[in-house]
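Breakdown of the fold
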Amino acid sequence: MEKFESFVNNVLLRTDPATLHKFFLHSYRLSASRRLKTWLSSAVMRDVHEFELNIANQQPLELLESIYSCSSLEVLKLDSDFDINVPAFGMCFPNVKFLRVSLQLPENHLTEKLFCSYPSLQELWINVYLTNDGPATNIIISSTTLRRLYWTVLVDDYQFAFNNYDHKCVIFAPVLKLLHIVDDLVVSYEVHDLQSLQTMKLAIVFSEWLLVNPNRAVQILIGVLNCKYLTLSSGVSLRVIKLSLDRANISFLPSVPQLTHLEVKVGETGWRVLPLILTSSPQLQTFVLDKECWFDVCDAQFGWMENGSVPHFLAAHVKDIKIKGVEDQEDNVKLVEYFSKHCLVLEKMTIRCKGTVSKKQVNHLHHKLSHLHRGSAKCEIMLG
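My aim in this report is to walk through the structure given alongside it, one point at a time. (Residues numbered from 1 in each chain as written. Predicted model: local features only at pLDDT ≥ 70, side-chain atom pairs only at ≥ 80, totals over all residues. Heavy atoms only, no water.)

**Observations regarding the overall build of the chain**
Where we set the bar: Numbered from the N terminus, helices here are DSSP runs of H or I no shorter than four residues, and strands are runs of E no shorter than two. Between two residues, a contact is recorded if the distance between any of their heavy atoms is within 4.5 Å. We get accessible surface area from the Shrake-Rupley algorithm with a probe of 1.4 Å; when it comes to residues, only the shown protein chains can shield them.
Scanning the chain from terminus to terminus reveals ten helices and 19 strands. For the chain, the share of sequence-separated contacts (at least 6 apart) that also reach a separation of at least 24 residues comes to 72%. Carbon and sulfur atoms provide 49% of the accessible area of the chain, an area that totals close to 18200 Å².

See the structure below:
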């Protein structure tokens, strides 16, 4: 490690560029934090454009004070835990447009200020690690310039899942275009002024034995009803939505009037809520269904396929369907047949087989699909 640090010192001492485009440091550890401060200070003096730092020290490293006011810095990637101190005057990183930060057990004095302090921020990636120790965490993201937000909540201790916690994420971003949420804890969400949102990707992990209110998942959907592209991942998001509706004795979702593209990834659970989502999408044109595991359509959760009930908007508007993870099995064919038969204006249906399906099985499946009833004479079924 000392040889590496000496090498970096020599490079910085023996070269004298007027500007430094990128300072990239991934390291298992540093012998002393002062080394890092010296390097970062040298980069700041050379009008650095981008910092990417990932240092696996046991204790958080203090971020150099001059970085907060560095006017040349536009990209900041802090992939390990740093001791960040938001300046008392509030604003920092005046020209940073891209920020990626990892927070380990953050305190509210940081999370309530940090993401409100970037006057030029356009893209934000946050990874937050929480545990069952300490008070609830409040994270406030407020920006009039933010366009893309990637938000991930992870749990350090899965025993935490048995506790009743009340973490909250507040989002105020009037020009936000894309919101991507991965949430292992189902935190509480409060969203404001997301009228510009176009793309929403939601992956929420939830189990029935959790003590938190599953309605939190529905609340985040209600806050983004104007999006055009929606992805619900892992099937668990669908499960928590259905559970929330069941507990509230509600059989419908609010309409998403501008939604034109819907993608869902469904495993063993979540199938019963599919018709509710399709019914709430009056302008839907493209539907992508990713079947992540084997299922039996005779199960009670597939009753909506058996009773002839067809969401009106599915029949009247959907023109493009893609189904992934299909196998040469009867229940899979029934699933394809349901959409082929009931989508009356369908123009293209693309079927992607699971990777374990043999060429012989693909040919057999192709023969079956070619004889399916099609509600639209224009529909072309493509198998690959």
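**Points about the sheet that holds strand β10 (residues 168-172)**
Rule in force here: Pairing between strands is defined by DSSP: at least two bridges between them are needed. Axis lines are fitted to C-alpha atoms, over the contacting stretch for helices. Their N-to-C directions set the angle, which ranges from 0 to 180 degrees.
Ordered by their spatial adjacency, three strands build an open sheet running β8-β10-β12, and the pairing between neighbours is parallel. Sheet topology places β8 (138-142) and β12 (188-192) at the edges, where each strand pairs with a single neighbour. Strand after strand, the sheet turns through a mean of 10° between neighbouring axes, direction not considered.

**Section: the nonpolar core**
Rules: In this text, buried Ala, Val, Leu, Ile, Met, Phe, Trp, Tyr and Cys residues form a nonpolar core when linked through side-chain atoms within 4.5 Å. The classification of residues rests on relative accessible area computed with a 1.4 Å probe and restricted to protein chains. Under 20% of the type maximum is buried, over 50% is exposed, and intermediate values are partly exposed.
Ile141, Trp151, Phe287 and Phe339 are the most contacted members of the largest nonpolar core, which totals 104 residues. Among residues more than four places away in sequence, those in contact with Ile141 are Phe115, Leu124, Ile126, Leu146, Leu149, Trp151, Cys169, Val170, Ile171 and Phe172.

**Some details on helix α9 (residues 330-342)**
Test applied: Given a helix with a known number of residues, its expected span is that number minus one, times 1.5 Å.
For α9, with 13 residues, the first-to-last C-alpha span of 18 Å sits near the 18 Å given by 1.5 Å per residue. Taken together, the buried positions of α9 are Asp331, Asn332, Val333, Leu335, Val336, Tyr338, Phe339, Ser340 and His342.

**Here we look at the packing of aromatic side chains**
The test is simple: By convention, a stacked pair of Phe, Tyr or Trp rings (six-membered ring in the case of Trp) has centres within 6.5 Å and planes under 30 degrees apart, an edge-to-face pair has planes over 60 apart, and any other such pair is tilted.
In total, this model carries six aromatic pairs according to the counting rule given. Summarising the aromatic geometry, the rings of Phe23 and Phe51 are spaced 5.8 Å apart at their centres and angled 70° between planes, so their arrangement reads as edge-to-face. Residue Phe23 is found in strand β1 (residues 22-27), and its partner Phe51 is found in strand β2 (residues 50-55); the two are separated by 28 residues along the sequence. In this pair, the class of Phe23 matches that of Phe51, namely buried. Centroid distance Phe287 to Phe339: 5.6 Å. Interplanar angle 50°. Geometry classified as tilted. Placement of Phe287 in strand β16 (residues 286-291) and of Phe339 in helix α9 is noted, with a sequence separation of 52 residues between them. The class of Phe287 is buried, set by a relative accessible area of 0%. Grouped by ring-pair contacts, the aromatic residues Tyr68, Phe93 and Tyr118 constitute a single cluster.

**Examining the state of the cysteines**
The test is simple: Count a disulfide wherever a pair of cysteine sulfur atoms falls within 2.5 Å.
Within this structure, the stated rule accounts for zero disulfides. Not engaged in a disulfide, the cysteine Cys379 finds its nearest cysteine sulfur in Cys343; these two sulfurs lie 8.2 Å apart. A relative accessible area of 7% places Cys379 in the buried class.

**Digging into the side chain of Ser143**
As a reminder of what qualifies: We call two N or O atoms a polar contact when they sit within 3.5 Å, provided that within protein one can donate a hydrogen and the other can accept it, with sequence-adjacent residues counted only if both atoms are side-chain atoms.
Secondary-structure assignment places Ser143 in the loop between β8 and β9 (148-155). Polar side-chain contacts of Ser143 include one of 3.0 Å to the backbone nitrogen of Leu146. Excluding its chain neighbours within four sequence positions, the residues that come into contact with Ser143 are Tyr118, Leu121, Phe172, Ala173 and Pro174.

**So, the pairing of β9**
A large share of β9 lies buried, amounting to six of its eight residues. Pairing between strand β7 (residues 123-130) and β9: eight bridges, direction parallel. For Ile126, the partnering residue across the bridge sits in β9 and is Trp151.

**Some thoughts on the environment of Ser66**
With respect to the helices and strands, the residue Ser66 is situated in the loop between β3 (61-62) and β4 (75-78). Considered as a pair, Ser66 and Met45 are 21 residues apart in the sequence and their alpha carbons are 9.4 Å apart.

**Focus on the pattern of salt bridges**
Let me state the cut-off plainly: Throughout this description, the term salt bridge denotes a Lys or Arg side-chain nitrogen within 4 Å of a carboxyl oxygen of Asp or Glu.
As enumerated under the stated definition, the model contains 13 salt bridges in all. Where Lys22 meets Glu50, a salt bridge forms, and the shortest distance between an N and an O atom there is 3.6 Å. Taken together, the positions of Lys22 in strand β1 and Glu50 in strand β2 put the pair 28 residues apart, joining distant regions of the chain. Residue Glu50 is classed as buried on the basis of its relative accessible area, which comes to 10%. Between Lys97 and Glu74 there is a salt bridge; the shortest N-O distance is 3.8 Å. On the criterion of sequence distance, the pair formed by Lys97 in the loop between β5 (82-83) and β6 (98-104) and Glu74 in the loop between β3 and β4 is long-range, its members being 23 residues apart. Taking relative accessible area as the criterion, Lys97 reaches 32% and is therefore assigned partly exposed. In this structure, a network of salt bridges that share partners links the residues Lys22, Glu50, Glu52, Lys77, Asp79 and Arg100.

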